[in-house]
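Residue-level structure breakdown
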Amino acid sequence: MPRKLNYLNVSWPLDFTSLFPEQRALLVEIGFGNGDYLVNLARTRPDANVIGLEISSQAMDKAERKISQLGLRNVRPIHSTAETALAHLLPPESVTEFHINFPDPWFKKKHSRRRLIKRETADMLASRMVKDGTLLLATDILAYAELAHETLSSSRGLSNTLGTPWARDLPGRFRSKYEAKAYREGRRAYFFLYNRNSTAVAHPAIIKELDMPHLFLYSPLDAAALVARFETSRGRHGDIHIALLRAYADPRRDAAVFEVVIEEPTIEQHTMISLSPRERPGEYIVKMTGLGHARPTAGMHRAVAAVGDWVATQDEGARVLERKLRG
Ligand SMILES: C[S@@+](CC[C@H](N)C(=O)[O-])C[C@H]1O[C@@H](n2cnc3c(N)ncnc32)[C@H](O)[C@@H]1O
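Before going into details, it helps to say that this report is about the structure given with it. (Residues numbered from 1 in each chain as written. Predicted model: local features only at pLDDT ≥ 70, side-chain atom pairs only at ≥ 80, totals over all residues. Heavy atoms only, no water.)

As for its position among the elements, S276 is in strand 13 (residues 267-277). You can call S276 buried: its relative accessible area is 13%. Ignoring any residue separated from it by four or fewer positions in sequence, one finds S276 in contact with R253, A255, E283, Y284 and I285. (Helix = DSSP H or I, 4+ residues; strand = E, 2+ residues; numbered from the N terminus. Buried < 20%, exposed > 50% of the residue type's maximum accessible area, 1.4 Å probe, protein only. Contact = heavy atoms within 4.5 Å.)

Here is the structure:
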């Protein structure tokens, strides 16, 4: 069975030669749910490679099982939000077709950031599409259709290929699970079909990894004493949110690890940052660990700084000696 993929264990941008035996046009389905539409795309389009993006682990498991049972080699599901994939995984002008079926509406105001179809995402979709590439979107919610129409029809780089804002039927289309359910319940979908026109658009560069963040500090308190004082804390640094959740000591090694959640606009990471002794008494190094395939993003640099700064406030004699950090 092929290696399970997620946004943290693949290269940024994706290395397509390592994912697919042959290099072909790339189709991407966002939010593939039970995977039936994804599998059908791969089976009916042997001329193409297919990537599926999903945030649900259950959906990932289901799709991986179906793909493996059928022995399909031109399709790879990746556990990733669409937003993370657009910023870190998919280079400009790399995608021939995007398929988005029945995205979650997220209508509550406090959830609106999670809504897929919004200005930033539409601009990223246009950037990542090849010229003449297509974007297919289906929804069964009128309010979402109206919003999508407003966003897509005003997107630089995208042109509506239908004579109307949307179609109520696309003959011959394979019905996804949500679509079949909507039909059973008497609801018909709204379909959008856009193509990438020849208007130039901005191509935000792939956000790549930075150097490994670390810092050196001096602390009269040992690791166990630091952990005994630890309390959960949360901080915000511009658009980066960092939560220091828990700390665990390893008194035999005079070491500790700090569990952190780092939320950046394009990516979220949940991992550990370590504190280990250096040769000189009282000196420690704080650095990211590779746990959970953590990646050195700007947020990770901030999180290592946050742990170092916290240690430095725990005793009058404690201080950061040297920062190997961005910013
Ligand atoms: C309403 S379901 C539709 C599933 C499937 N496309 C269908 O039509 O049957 C929406 C799916 O999108 C996934 N999803 C939600 N937000 C996402 C995001 N930001 N990136 C990728 N997938 C997402 C959810 O986990 C869920 O499986």
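From this point on, the discussion continues.
Packing of helix 2 (residues 36-44) against helix 3 (residues 57-70) leaves a shortest axis separation of 9 Å and a crossing angle of 30°. Between helix 2 and helix 3, the angle falls in the class roughly parallel. In the packing of helix 2 onto helix 3, the handedness of the crossing is right-handed. Residues D36, L38, V39 and R43 of helix 2 form the contact with helix 3, whose own contacting residues are K66, I67 and L70. Here the contact of helix 2 with helix 3 is built from residues that sort into four nonpolar, no polar and three charged. (Axes fitted to C-alpha atoms, helices over the stretch in contact; angles between N-to-C directions. Parallel < 35°, antiparallel > 145°, perpendicular 65-115°, else oblique. Left-handed = near helix turned anticlockwise from the far one by under 90°. Nonpolar A, V, L, I, M, F, W, Y, C, P; charged D, E, K, R; others polar.)

Quick look at the pairing of strand 5 (residues 95-101) now. Counted residue by residue, strand 5 has six buried out of seven residues, so it is predominantly covered. Strand direction decides the pairing type here: strand 2 (residues 25-30) and strand 5, joined by four bridges, are parallel. Residue E29 lies in a different strand from strand 5, and its bridge partner there is H99. You can see the chain leave strand 5, run along helix 5 (residues 119-128) and come back into strand 6 (residues 129-139), and the turn it takes is right-handed. (Pairing = 2+ DSSP bridges. Right-handed = clockwise from strand over helix to strand, strands pointing away.)

We now examine the sheet that holds strand 1 (residues 5-6). Strand pairs in the sheet, formed through backbone hydrogen bonds, run parallel or antiparallel to each other. Spatially, eight strands are ordered 1-4-3-2-5-6-8-7 in an open sheet, and the strand pairing comes out mixed. Only two strands of the sheet have a single partner each, and these edge strands are strand 1 and strand 7 (158-160). The sheet strands contacting helix 3 are strand 1, strand 3 (48-54) and strand 4 (75-79), and the helix crosses strand 4 at an angle near 165°. Helix 5 contacts strand 2, strand 5, strand 6, strand 7 and strand 8 (190-196) of the sheet and is inclined by roughly 140° relative to strand 6.

Okay, the pattern of salt bridges next. By the definition in use, this model includes 20 salt bridges. The closest approach of N and O atoms between K4 and E64, which form a salt bridge, is 2.8 Å. Remark: E64 occurs in helix 3 and K4 occurs in the segment before strand 1; sequence separation between them is 60 residues. Owing to a relative accessible area of 44%, K4 belongs among the partly exposed residues under this scheme. By relative accessible area, E64 is classed as buried at 10%. Between R45 and D47 there is a salt bridge, with its nearest N and O atoms 3.7 Å apart. R45 gets classed as partly exposed once you look at its relative accessible area, which sits at 23%. The partly exposed category is assigned to D47, whose relative accessible area is 48%. It is possible to trace a salt-bridge network through shared partners that takes in D140, K181, E185 and R187. (Salt bridge = Lys/Arg side-chain N within 4 Å of Asp/Glu carboxyl O.)

This part is about the site of the ligand. Surrounding the ligand, one finds 17 residues, the nearest of these being G31, E54, N101, S176 and Y178. E54 has a polar side-chain atom sitting 2.4 Å from an oxygen atom of the ligand. E83 is positioned with one of its side-chain polar atoms (N or O) 3.0 Å from a nitrogen atom of the ligand. The protein chains hide 89% of the 590 Å² of surface that the ligand would expose on its own. Sorting the residues of the shell around the ligand by element identifies strand 3, helix 4 (82-89) and helix 7 (177-184) as the ones contributing at least two each. A breakdown of the residues in the shell around the ligand according to their chemical character gives six nonpolar, seven polar and four charged. (Near = heavy atom within 4 Å. Polar contact = N/O pair within 3.5 Å; in protein donor to acceptor, adjacent residues only side chain to side chain. Areas by Shrake-Rupley, 256 points an atom, 1.4 Å probe, with all protein chains shown as cover.)

Any link to function would need more than the numbers given here.
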